[in-house]
Every structure is written in structure tokens, then in C-alpha cells.
Amino acid sequence: ETTLAAAANQSGRYFGAAVAANKLSDGAYTTILNREFNSVTPENEMKIDATEPQQNNFTFGNADRIVNHALSRGWKVRGHTLAWHSQQPEWMRNMSGTALRNAMLNHVTRVATYYRGKIDSWDVVNEAFEDGNSGARRDSNLQRTGNDWIEAAFRAARAADPGAKLCYNDYNTDNWTWAKTQAVYRMVQDFKQRGVPIDCVGFQSHFNAQSAYNSNYRTTLSSFAALGVDVQITELDIEGSGTTQANTYRSVVNDCLAVPRCNGITVWGIRDSDSWRSYGTPLLFDNNGNKKQAYTATLDALNSA
Ligand code: G3I
């Protein structure tokens, strides 16, 4: 196959990109998007500050532009994200306790209900664990409402959209030896044992020198999958260039392909110039939209599955 989506589809997987609504009018951008991908994640448009800028006042215009672009072409949509310590609107940042808990649950319910039937997978909760060696939950206003805030969010999402897969999504959870990875693993294990509705775990996979790809990634993916959840690579980008970068992309794709429940890969942007990173060349297409070595390695890996 000659495109990422078609190549991934040979094994029933999707290949997606993070998309910004304001770039859908950029012809060079949409040419690549429409040719290569069959899944989208709104990069910012479904975050809490975007969808509920004032309490109980919901705005879905920018997110809808992306969702409609995808659904009209038969693609999947990954919803990102319903509950997060970051990108909270001003009104929510100032809340705590029961009022915040109820506001969070109302947000989950309202947004998941609005998009019911349209979302393949929701990042219900994003980045709730601390970096480093503690294995602890990240301190946040949401965490301070009680340790059960994550399962409460998942239960609300399930009630609002029973057909969507519900994911926990995080970064620095790719290396199997890291305390953060193990802590998330134990949470998912506990949720499965107690019947808390969780269907998938997203591994962001923003790789750079400080947070490097490790070949035990495959062990991480297969270990989580063995708990009875799908695993997805949700925000892939890899700093570097040339053959080294291409080889890392190839390894990541091969790790996903080796795990039957790794059912999709999303890159966090299309061209290097679309990346959230302020420097570097972490994506599959250069600033002019040309395919990089990393693209070819990714396509070849998908085709050899
Ligand atoms: O759109 C406004 C613009 O109107 C304003 O003038 C400008 C000045 O600050 O800000 C613009 O918004 C920025 C937005 O990106 C769109 O470019 C925000 O400041 C900026 O904080 C935001 O950054 C996003 C970041 O998440 C924070 O939410 C990045 O685009 C996005 O790629 C990044 O994505 C995250 C995932 O959601 C979670 N995992 C990590 C990943 C990378 O950080």
C-alpha cells in the first residue's frame, strides 16, 4: 500500500494525526491529511477550556469542524480530553471540593453526550500521574477532590456514550521499568478487577533525549493489553532526523504491530512545522509537506505486518 492509512488498515489498525481546526483551510495540509490518514484527534479543540469556556456554556464549533471532516470521510475520531489538570478554563481552575467534582462530572457528561455515537475512543482522563519515581497521582485540583475522581469520570463517560471506547492517556508510561508506568498499570489492573469501565490505554509517546524510546516498549504494550484493554499510540513524535529518527519510528510501529490489541497509531501533527514542539523536526513530513525518511520507514513497517 502507498499511504499510511491503507497500510495500517491491512491489519485492521488506524493511522491518525492530531489536527488543528484552523489548518483545515490550508490546502497543503489537508491534501496530506486526506491522503494519508483515517483517524483524527483534535489537538486542542475538545479540551475543557475550548468546550466549556464559561461554566455550563458549551462551544463545539471548532471541534465539530474536525469531527465532521473526519466522519464525512469515514474516519475514526479520538476524543481528547474530558478531564485533565491542564487547559482548564479560569472558572474551573478556581474551584475545589464537591463543586469541582460536580463540575467535572457535568463536563464529562455534557461533552460525551453531545458527541455520542461519533467518537471511537475518548481520552477520558489525561496525565493524572506524577513524573519521577514516586508512582503517585499528580497533585491537582481534581486529585484533591478524592482519589476516586478518575473512576468517577470513567463511569460518567460510559453512561453518556456507551459505544465509545474509554481510555486513560499519559506520557512517560512507555518504559516498562518506570515507576509511572507501573503505577498506571496497577490502576488499570484495579479498574478491571473492580469493573470500573475502562477499555483502552493511550501511550502518548513524545520521544526525545530526556524521554527516549526504549525497546521494552513492546513489553509495556503487551503487558497492558494482557489486562484486557486495547492499547493505542496516541501522540507520537520523535525528535531527531534522518536514519536515526526513521529507525525509531520503525521500531515503534513494529512494537504496535507485534501486539494484537495495539489497534491504532496517531502522530501528533502532520508537518514538522505543525508540531507543538518549539524546535526540532519530530514528524513524518517536512515543512514543505515532503515525505521524510521517517515516513518511508513507518510505511514500510506497516506494509510488512
Ligand atoms: O489559540 C491561542 C491563540 O489565540 C493565542 O494568541 C496564543 C497565545 O498563547 O495561544 C493559542 O493557544 C495555544 C494553543 O496551543 C494553540 O496553538 C495555547 O497557548 C497553547 O498552550 C496550546 O498548546 C497545546 C498544548 O497541548 C497545551 O494544551 C499544544 O498545541 C498541543 O499540541 C499540546 O498537546 C498536548 C496534549 O494535549 C497532551 N499531551 C501532551 C501534548 C503536547 O504538549
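Since the structure is predicted, the reported quantities are computational estimates derived from the model, not experimental observations.

K.L.:
An account of the UniProt feature "active site" (unreviewed entry) in the protein is needed here, citing residue identities and associated values.
P.N.:
The feature "active site" (unreviewed entry), as annotated in UniProt, sits at E235 in this numbering. If you trace the backbone, E235 turns up in strand β8 (residues 230-238). Those residues in contact with E235 that sit more than four places away from it in its chain are H80, N169, F203, Q204, S205, H206, T266 and W268. A distance of 3.1 Å separates polar atoms of two side chains, one belonging to E235 and the other to N169.

K.L.:
Quick one: what's the story with the site of the ligand, residue by residue and with numbers?
P.N.:
As a structural note, the neighbourhood of the ligand is formed by 13 residues, with E43, K47, H80, E127 and E235 the closest of them. Within the contact set of the ligand, an oxygen atom lies 2.9 Å away from a side-chain nitrogen or oxygen of N44. Between the ligand and Q204, the relevant distance is 3.0 Å, taken from a nitrogen atom to a side-chain nitrogen or oxygen of the residue. In isolation the ligand offers 780 Å² of accessible surface; the protein chains occlude 46% of this area. Across the shell around the ligand, the residue classes break down as three nonpolar, six polar and four charged.

K.L.:
Describe the environment of L299, with residues and values.
P.N.:
Looking at where L299 falls in the secondary structure, it is placed in helix α11 (residues 293-303). Ignoring any residue separated from it by four or fewer positions in sequence, one finds L299 in contact with E1, T2, T3, L4 and A7.

Rules used in this analysis
- Residues numbered from 1 in each chain as written.
- Predicted model: local features only at pLDDT ≥ 70, side-chain atom pairs only at ≥ 80, totals over all residues.
- Heavy atoms only, no water.
- UniProt positions renumbered as here; feature names shortened; annotations may be inferred.
- Helix = DSSP H or I, 4+ residues; strand = E, 2+ residues; numbered from the N terminus.
- Contact = heavy atoms within 4.5 Å.
- Polar contact = N/O pair within 3.5 Å; in protein donor to acceptor, adjacent residues only side chain to side chain.
- Near = heavy atom within 4 Å.
- Areas by Shrake-Rupley, 256 points an atom, 1.4 Å probe, with all protein chains shown as cover.
- Nonpolar A, V, L, I, M, F, W, Y, C, P; charged D, E, K, R; others polar.

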